[in-house]
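Breakdown of the fold
Listed below, chain by chain, are the residues.
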Amino acid sequence: MQEQKTERISVADLNDAKEKPVLLKGWVYNIRSSGKIGFLLLRDGSGICQCILNASFSSLKSFEVFKSLQQENVVEVKGVVKAWKNSFEIQVQELKKTGTSEAYPLGKKDHGIDFLLQHRHLWLRSKRPWAILRIRHEITKAIHAFFNKNNFLQIESPVLTPNACEGSSTLFPVQFFNEDEIYLSQSGQFYMEAAAAAFGKVYCFNPVFRAEKSSTRRHLLEFWMIEPEMAFYDLEQTMELAEDMITFIVSQVLKNNVKELEILKRNTQLLEKIKPPFARIHYTEAAKILIEKKNSKFQMGQDFGGEDETLLSSHFEKPVFVHHYPSEIKAFYMKTDQKSPDFSLSFDLLGTEGYGELVGGSQREDDLEMLEDKMKQHKVEKESLNWYLDLRRYGSFPHSGFGVGLERVVSWICGLTHVREAIAFPRLYARSFFEKQN
Ligand code: 4AD
Ligand code: MG
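Within each chain, residues carry numbers counting from 1 in the order of the written sequence. To read the labels, note that chains go from A and ligands from 1, taken in the order they are written. Per-residue local features are limited, in this predicted model, to residues with pLDDT of at least 70; the limit for side-chain atom pairs, both in listing and counting, is 80 or more; totals at the level of whole chains, interfaces and linings are taken over all residues. Where side-chain values are given, they derive from all heavy atoms of the structure, hydrogens and water being excluded.

1. Quick look at the domain arrangement of the protein chain
When the parts come together, some accessible area is lost, and that loss is often what is quoted as the size of the interface. The domain boundaries assigned to the protein chain delineate domain 1 (7–99) and domain 2 (118–422). How far each domain reaches was decided by an automatic or database domain assignment. Taken over C-alpha atoms, the centre of domain 1 sits 45 Å from the centre of domain 2. By buried area we mean how much accessible surface two parts lose on assembly, using a 1.4 Å probe and totalling the loss over both. Between domain 1 and domain 2, the buried area comes to about 460 Å², and carbon and sulfur atoms account for 46% of it. The salt bridge definition used is simple: a Lys or Arg side-chain nitrogen within 4 Å of an Asp or Glu carboxyl oxygen. Seen at the junction of domain 1 and domain 2, the total is one salt bridge. Polar contacts, as counted here, are pairs of nitrogen or oxygen atoms within 3.5 Å of one another; within protein the pair requires one atom able to donate a hydrogen and one able to accept it, and residues that are adjacent in sequence qualify only if both atoms are side-chain atoms. Counting the contacts that link domain 1 with domain 2 gives three residue pairs in polar contact (both at pLDDT 80 or more).

2. Details of the environment of G188
Runs of H or I in DSSP of at least four residues are treated as helices and runs of E of at least two as strands, each being numbered from the N terminus. Note on placement: G188 falls in the loop between strand 9 (182–184) and helix 5 (189–199). Burial status follows relative accessibility: with a 1.4 Å probe on protein chains alone, a residue under 20% of its type maximum counts as buried, one over 50% as exposed, and anything between as partly exposed. Residue classification places G188 among the buried residues on the basis of a relative accessible area of 1%. Contact between two residues is taken to exist if any of their heavy atoms lie within 4.5 Å; hydrogens are not considered. Apart from residues no more than four positions distant in its own chain, G188 is found in contact with S157, C204 and E227.

3. Re the pairing of strand 5 (residues 87–99)
Two strands are counted as paired when DSSP detects at least two bridges linking them. When strand 3 (residues 48–53) meets strand 5, the two strands line up parallel, connected through three bridges. Following the sheet pairing, Q50 is matched in strand 5 by E89. As defined by bridge partners, strand 4 (residues 74–84) adjoins strand 5 across eleven bridges and the pair is classed as antiparallel. Residue V80 lies in a different strand from strand 5, and its bridge partner there is Q91. Taking the residues that link successive antiparallel strands as the turn, the strand 4-strand 5 hairpin has two residues, and the phi of K85 there is positive, at about 50°.

4. Some details on the site of ligand 1
Not every one of the 22 residues close to ligand 1 is listed here, only the nearest: E166, Q189, E212, E227 and E357. Between ligand 1 and Q189, the relevant distance is 2.7 Å, taken from a nitrogen atom to a side-chain nitrogen or oxygen of the residue. In the complex, the protein chains occlude 94% of the 630 Å² of accessible area that ligand 1 would expose alone. When residues of the shell around ligand 1 are traced back to their parent elements, those giving at least two are strand 11 (222–231), strand 15 (356–363) and strand 16 (399–405). Broken down by element, the shell around ligand 1 gets its largest block of residues, four residues, from strand 15. Nearness is judged by heavy atoms alone; a residue qualifies as near a molecule or strand once a single heavy atom is within 4 Å of it. Accessibility throughout is a Shrake-Rupley quantity obtained with a 1.4 Å probe, and a residue counts as covered only by protein chains that appear here.

5. Structural notes on a negative patch on the surface
Note that patches include only residues with greater than 30% relative accessible area and no salt bridge, and the join distances are 9 Å for like charges and 5 Å for nonpolar side chains (Val, Leu, Ile, Met, Phe, Trp, Tyr). Positive: Lys, Arg. Negative: Asp, Glu. His and the chain ends are not part of the count. We put the charge of a Lys on NZ, of an Arg on CZ, of an Asp on CG and of a Glu on CD. A grouping of E179, D180, E181, E381 and E383 is seen on the molecular surface, where their side chains present a negatively charged patch. Among the structural elements, E181 can be located in the loop between strand 8 (173–174) and strand 9.

6. A word on unusual backbone geometry
What is expected of a backbone is that most residues other than glycine have negative phi and most peptide bonds are trans. Cis geometry is adopted by the peptide bond preceding P277, which originates at P276 and carries an omega value of 0°. Turning to its location among the elements, P277 is positioned in the loop between helix 8 (268–272) and strand 12 (279–282). Phi is positive for N151, which is not a glycine, with a value near 60°. As for its placement among the helices and strands, N151 is situated in the loop between helix 4 (127–149) and strand 6 (153–154). A relative accessible area of 62% means that N151 is categorised as exposed. The backbone phi angle of H324 is positive, close to 60°, even though this residue is not glycine.

7. A closer look at the packing of aromatic side chains
Aromatic pairing here means that ring centres of Phe, Tyr or Trp (its six-membered ring) are within 6.5 Å. Orientation follows from the plane angle: under 30 degrees is stacked, over 60 is edge-to-face, and everything else is tilted. Per the counting criterion, the structure on display carries 20 aromatic pairs. A ring pair is formed by F298 and F304, whose centres lie 5.4 Å apart and whose planes are at 35°; its orientation type is tilted. Take F298 and F304: they sit in the same class, and that class is buried. An angle of 65° between the planes, with centres 5.6 Å apart, marks the rings of F304 and Y325 as edge-to-face. Of the two residues, F304 is situated in the loop between helix 9 (283–292) and helix 10 (306–313) and Y325 in the loop between strand 13 (320–323) and strand 14 (346–351); the sequence distance between them amounts to 21 residues. Overall, F304 belongs to the buried group, its relative accessible area being 8%. Among the residues examined, Y325 registers a relative accessible area of 0% and is labelled buried.

8. Considerations on the nonpolar core
Of all hydrophobic cores here, the largest spans 48 residues; its most connected members are I139, F147, I246 and I413. Secondary structure elements with two or more residues in this core: helix 4, strand 10 (201–209), strand 11, helix 6 (235–256), strand 14, strand 15, strand 16 and helix 13 (406–414). With residues up to four places along the chain from it excluded, the contact list for I246 reads I274, F278, L349, V359, V409 and W412. Within this scheme, the nonpolar core is defined by two criteria: the residues are buried Ala, Val, Leu, Ile, Met, Phe, Trp, Tyr or Cys, and they are joined through side-chain atoms within 4.5 Å. I9, V22, L24 and L95 belong to the second-largest nonpolar core, a separate cluster that totals 23 residues.

9. Let's talk about the packing of helix 4 against helix 6
It is at 9 Å that the axes of helix 4 and helix 6 come closest, and there the two elements cross at 135°. In terms of orientation, helix 4 lies oblique with respect to helix 6. Where helix 4 crosses over helix 6, the handedness of that crossing is right-handed. Here helix 4 contributes I135, E138, I139, A142, I143, A145, F146, F147 and K149 to the contact with helix 6, which in turn contributes L241, D244, M245, F248, I249, Q252, V253 and N256. Considered class by class, the residues forming the contact of helix 4 with helix 6 number twelve nonpolar, two polar and three charged. Comment: axis = line fitted to C-alpha atoms, over the contacting stretch for helices; angle = value between 0 and 180 degrees taken between N-to-C directions. Convention used here: angles under 35 degrees read as roughly parallel, angles over 145 as roughly antiparallel, angles from 65 to 115 as roughly perpendicular, and any remaining angle as oblique. Here is the rule for handedness: rotate from the far helix to the near one, and if that takes an anticlockwise turn smaller than a right angle the crossing is left-handed, while a clockwise turn gives right-handed. Residues were grouped as follows: Ala, Val, Leu, Ile, Met, Phe, Trp, Tyr, Cys and Pro as nonpolar; Asp, Glu, Lys and Arg as charged; and all remaining residues, including Gly, as polar.

10. A look at the sheet that holds strand 7 (residues 160–161)
Within a sheet, adjacent strands bond to each other through the backbone by hydrogen bonds, running parallel or antiparallel. Spatially, three strands are ordered 7-9-8 in an open sheet, and the strand pairing comes out antiparallel. In the strand order of this sheet, the two ends are held by strand 7 and strand 8, each with one partner. Sheet topology note: the strand 8/strand 9 ladder contains two bridges and is antiparallel. Bridge pairing in strand 9 links P173 to Y183.

11. Quick look at the sheet that holds strand 4
The mixed closed barrel is built from five strands, whose spatial order is 1-2-3-5-4. Adjacent strand axes in the sheet meet at a mean angle of 55°, parallel and antiparallel pairs treated alike. Lying on the sheet, helix 1 (residues 60–67) is in contact with strand 1 (21–34), strand 2 (37–43), strand 3 and strand 5; it crosses strand 5 at an angle near 75°.

Structural data, given as structure tokens:
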């Protein structure tokens, strides 16, 4: 008689197969024995499941296979799904080894970060990256859902561009045939401003590049930025949108990533507090907080450094908006506040627990002359931005937008100490971490 075919199932779907015979395919995560019982942790990408070998239900051949196993061998398990604690285990009937593995370099020992980053292509299989990158996916989903429900249109901004949106010092030049220099995009903002005039409310979700010669826990050379741009929004409306977006993202992760947050041992009580309203403080108020701190070298008018942001954000239980930065220290495209012309209609949103800047945004300068003046003051080259000035020449309109650093948000929500863990293959200033091996 022909053997009955058992359907393959994923670990994540075991809930639908209680007491049923199933087939699992995956990799050996761990093995141990206790007396005559064998325990195999099988990892299949969707999760990890304990498989039990016991003479009363497992074949003799299965025990032989079990004895030969080592981490990352590829296996197939046929067995019955049983409820176990708050989860499931498999009573193994048949165990097959379908693929081998050399001795796995990322065994049970603790490894240093350099070693882990050099082996990022394998490290991804461990529990911690698994949890972080699944949360990242949920955050990405939440961001698209948020902008969809608010009637935004997604527009792709180009990666190759002649524009320096965020200053010329952090540009990555690209060899562009024999023509002028071209760069990898630092931000899609200018293109979103053009698109906002065509569609009203738009956003892009793109990789961006900054040649920052510093190795801080907040900086990547390549990261993902979400940049909404809205026609007829002022500074206050824009901060409200950022507040709603962050609140929605956190609520989705709390709802859909319970298991992942548990793996990361994240204090979720702190995340539960992330609900509107977030405090809004003027730059001068934030500066005063820093100046009042003993030993602070901070001076009024300066931009905040990483430590200043950490200090400021640890003052608040919710993210905090700092708005109205001095025009001099912010980008040329930020609109001058007519009521106090030394300040710009700008904001940064600082995360809790010392995480610093998650979001940066502003109302945009919509007055052609003012914008041209500011370009001069900031020594911004006009040639590559003539097209951008067209947006002020033809139907200039009040508009605002912001940029969210995806890895900053992932780090904050996951409670990571460094953004390098917030992306699958981080590009860091310390080049030895790239895949190329000597
Ligand atoms: O503050 P930034 O530089 O703003 C812009 O690029 C604007 N053009 C955005 C806009 O208004 N459309 O960057 C925005 C966000 C920061 O708040 C931070 O979260 C993140 O991007 N970010 C980085 N993340 C990782 N590594 C880096 N090197 C980053 N630089 C900025
Ligand atoms: Mg910024």
